[in-house]
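Topology and contacts: notes
Take a look at the letters that make up each chain.
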Amino acid sequence: MKIFLLSFMVVSSLFSSNVKKLEAQILSSIAHSLVHKKSVNICIDDRNFKGIGKYAKSLNVVSCGRADIVFTSKDNDINKKCKTHLIFSTSYYLYEHSPMIVGAFFWQKGRPNIIFRQKQLKHLSIALPKNFQKYID
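All of the points below concern the structure found in this document.

Conventions adopted
Residues numbered from 1 in each chain as written. Predicted model: local features only at pLDDT ≥ 70, side-chain atom pairs only at ≥ 80, totals over all residues. Heavy atoms only, no water. Helix = DSSP H or I, 4+ residues; strand = E, 2+ residues; numbered from the N terminus. Buried < 20%, exposed > 50% of the residue type's maximum accessible area, 1.4 Å probe, protein only. Contact = heavy atoms within 4.5 Å. Areas by Shrake-Rupley, 256 points an atom, 1.4 Å probe, with all protein chains shown as cover. Salt bridge = Lys/Arg side-chain N within 4 Å of Asp/Glu carboxyl O.

**Here we look at the overall build of the chain**
Looking only at helices and strands, the chain has four helices and six strands in total. Scanning the chain from its N terminus toward the C terminus, one meets helices and strands in the order α-β-β-β-α-β-α-β-β-α. Going through the 137 residues of the chain one by one, you find that 42% of them count as buried. Pairs at least 24 apart in sequence give 40% of the contacts found in the chain among residues at least 6 apart. Within the structure as shown, the chain displays about 8700 Å² of accessible surface, and the carbon and sulfur contribution to it stands at 57%.

Structure (structure tokens):
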């Protein structure tokens, strides 16, 4: 029984690490497609995405006031607290109910989903690369 439990814990920690690496790659791709800088300052206001900074070398996790882009799952007056207008949701609900959100990255049925809001991209004069065109809503 102890061997089974130990094996289960090792496998689950390996899977968790791989998921965090995938999330870091996706957040990095999104951030670099919206902010054309070599090293992008991001703020992560979602406890599910904490700790991904160690997997993405081109992302600097900073406070909200210094961020180029904010990833959040909460609608807590981000515009008043942060200097950036690039707010990316980590929940579909917030994306649907907040027109200031540029897009969303969330998990659904075990798969990552990405959506960009065309109206907000146009308002901010952002042109996405070709590989993100299929995610525009």
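Having seen it, we continue.
**Comments concerning the side chain of glutamate 23**
Within the element layout of this structure, glutamate 23 appears in helix α1 (residues 2-34). Glutamate 23 gets classed as buried once you look at its relative accessible area, which sits at 5%.

**Quick look at the pattern of salt bridges**
For the structure on display, the rule yields three salt bridges. For aspartate 68, the salt bridge is made with lysine 37, and the minimal N-O distance between the two is 2.9 Å. One end of the pair, aspartate 68, is in the loop between β2 (59-61) and β3 (69-72); the other, lysine 37, is in the loop between α1 and β1 (40-45), with 31 residues separating them in the sequence. Judged by its relative accessible area of 15%, aspartate 68 is buried.

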